[in-house]
Amino acid sequence: MANYEDLKSRIDQGEVVILDGAIGTELQAMGVPMHPAAWCGPGSYTHPATVRQMHERYIRAGADIVTTNTFNTLRPALEASGYSELVREVNVRAVDAALEAIARAAVDRPISVAGSISCRTPVRDRRTGTLLGGTGYGYGASLSAPELRAYAEEQANILAESGVDFFLIENLWADNESRAIAAEAAKATGLPVWVAFTASIAPDGHAVRMSFGDERHYSGGLGMPLWEESWRPVDDNKSLAEGVNEIASVGPDVLGVFHSRIDETTAALQVVLDEWSGPVVVYPDAGREDYLATWQDSTVSNEESVEELTREAAAWVDMGAQVIGTCCGFGHDYTRALRGALPARTSSPRKVA
């Protein structure tokens, strides 16, 4: 495992750093079943050897950073999946898998461990208090701010105690309040914090906002009322520039763009570069439609080829991004291609003002 100061020094000196790729869809492709409420999270408990092997694949493909399989292991997601008594165990096992992979891969370069935190939570039934529905609905807005803060603090403390080097806050959509809550909980542990934003192009074709676009809604797909009037308010049209400036006030170490399509990532990256002086991380997703399926359909290919991704990634480095990886749908073969295609360093490293 690498000390975070070593990673920071590499970034400060202008090295281009490779973040790993998809976690959930890579595990899905390796045969780990996705849970309808907690997605890939329970895999660290039910399939720990496969999770470890997944990390090893990324390390051997050239990743400098591996991300823990904890994107969806907040207590409410695990509670809805039947793992309410195993919140600590699931999160600890996720970190252990990453640490064991680093030891087994035995590469001659430092590897850092990023502890992923998000708020991809199911919806709580206001009548009974039980958690309903599949992952992908709620995104934290169905929980009060104090409740979400308590869950984020619980997870952050477990991950810090287990040995992550820094935190990667991966909250989705435009709920910037939940993003700030998670970042603050992570910062309270004393470890460095990276924060990423999802983004899409607004209907006017110009503005970049923190959402997935009009075709994806909180209420779709459940077949039951969600009582959205009781949720925390979320401005789905808030601009990415506004969101970046709000989170910058929390004091992150790195900001970036994730889980967005390649063309939207490029537009969003420019916004982040304009609004933030520090280092930037970029890791797009492949836009697949089977993320939440129990098993991945291996006959369905990504829309973007390895060549298309590496070509765009090289442009992102030219623009000023210094940490490059991938997200859902882009596996270790894309990581290997990025490692071979991107320059070793940039001439103008960015630092937090």
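Below: a short report on this structure. Predicted model only: the values in this text are computed from it and were never measured. (Residues numbered from 1 in each chain as written. Predicted model: local features only at pLDDT ≥ 70, side-chain atom pairs only at ≥ 80, totals over all residues. Heavy atoms only, no water.)

## Topic: the pattern of salt bridges
So, step 1. In the structure shown here, the tally under the stated rule is 18 salt bridges.
So, step 2. Across the salt bridge formed by R88 and E161, the nearest N and O atoms sit 3.4 Å from each other. Note that R88 is positioned in helix 6 (residues 87-105) and E161 in helix 7 (residues 145-162), a separation of 73 residues in sequence.
So, step 3. Residue classification places R88 among the partly exposed residues on the basis of a relative accessible area of 45%. (Salt bridge = Lys/Arg side-chain N within 4 Å of Asp/Glu carboxyl O. Helix = DSSP H or I, 4+ residues; strand = E, 2+ residues; numbered from the N terminus. Buried < 20%, exposed > 50% of the residue type's maximum accessible area, 1.4 Å probe, protein only.)

## Thoughts on the state of the cysteines
In protein structure, a disulfide is the covalent linkage between the sulfur atoms of two cysteines.
So, step 1. One pass over the structure, following the stated rule, counts zero disulfides.
So, step 2. Cysteine C327 is unpaired, with the sulfur of C328 as its nearest cysteine sulfur at 4.0 Å.
So, step 3. Classification of C327 by relative accessible area gives buried; the value is 9%. (Disulfide = S-S within 2.5 Å.)

## With respect to the nonpolar core
So, step 1. Among the nonpolar cores identified, the biggest contains 54 residues, and F167, I169, L240, W316 and I324 are the most heavily contacted of them.
So, step 2. For this core, the leading source of residues is helix 10 (residues 262-275), giving six residues.
So, step 3. Discounting residues that sit within four places of it in the chain, I324 has contacts with V17, I18, L19, V282, A313, W316, V317, L338 and L342.
So, step 4. Counting residues in each nonpolar core, the second largest holds 35 residues, with Y4, L27, V51 and F258 among its members. (Core = buried A, V, L, I, M, F, W, Y, C linked by side-chain atoms within 4.5 Å. Contact = heavy atoms within 4.5 Å.)

## What about the pairing of strand 6 (residues 166-169)?
So, step 1. The alternating pattern of strand 6 places F166 and L168 and F167 and I169 on opposite faces, both of which are buried.
So, step 2. Relative to strand 6, strand 3 (residues 112-117) runs parallel, the two being bridged by four bridges. The partner of S116 across the bridge, within strand 6, is L168.
So, step 3. Pairing of strand 6 with strand 7 (residues 193-197), which is carried by three bridges, proceeds in the parallel orientation. For F167, the partnering residue across the bridge sits in strand 7 and is V193.
So, step 4. Running through helix 8 (residues 176-187), the crossover from strand 6 to the neighbouring parallel element strand 7 is right-handed. (Pairing = 2+ DSSP bridges. Right-handed = clockwise from strand over helix to strand, strands pointing away.)

## Regarding the packing of aromatic side chains
So, step 1. Applying the stated criterion to the full structure yields six aromatic pairs.
So, step 2. Between W39 and F71 the ring centres are 5.9 Å apart and the planes differ by 75°, which places this aromatic pair in the edge-to-face class. Of this pair, W39 sits in the loop between helix 2 (24-29) and helix 3 (43-46) while F71 is found in the loop between strand 2 (65-67) and helix 5 (75-80), placing the two residues 32 residues apart along the sequence. Considered together, W39 and F71 belong to a single accessibility category, that of buried residues. (Phe/Tyr/Trp six-rings, centres within 6.5 Å; stacked < 30°, edge-to-face > 60°.)

## Some remarks on the sheet that holds strand 6
So, step 1. With respect to topology, eight strands assemble into an open sheet ordered 1-12-11-10-7-6-3-2, the strand pairing being parallel. At either margin of the open sheet sits one strand with a lone partner, and together these are strand 1 (17-18) and strand 2.
So, step 2. In terms of strand pairing, strand 2 meets strand 3 through three bridges, oriented parallel. Looking at strand 3, one finds that I65 is bridged to S112.

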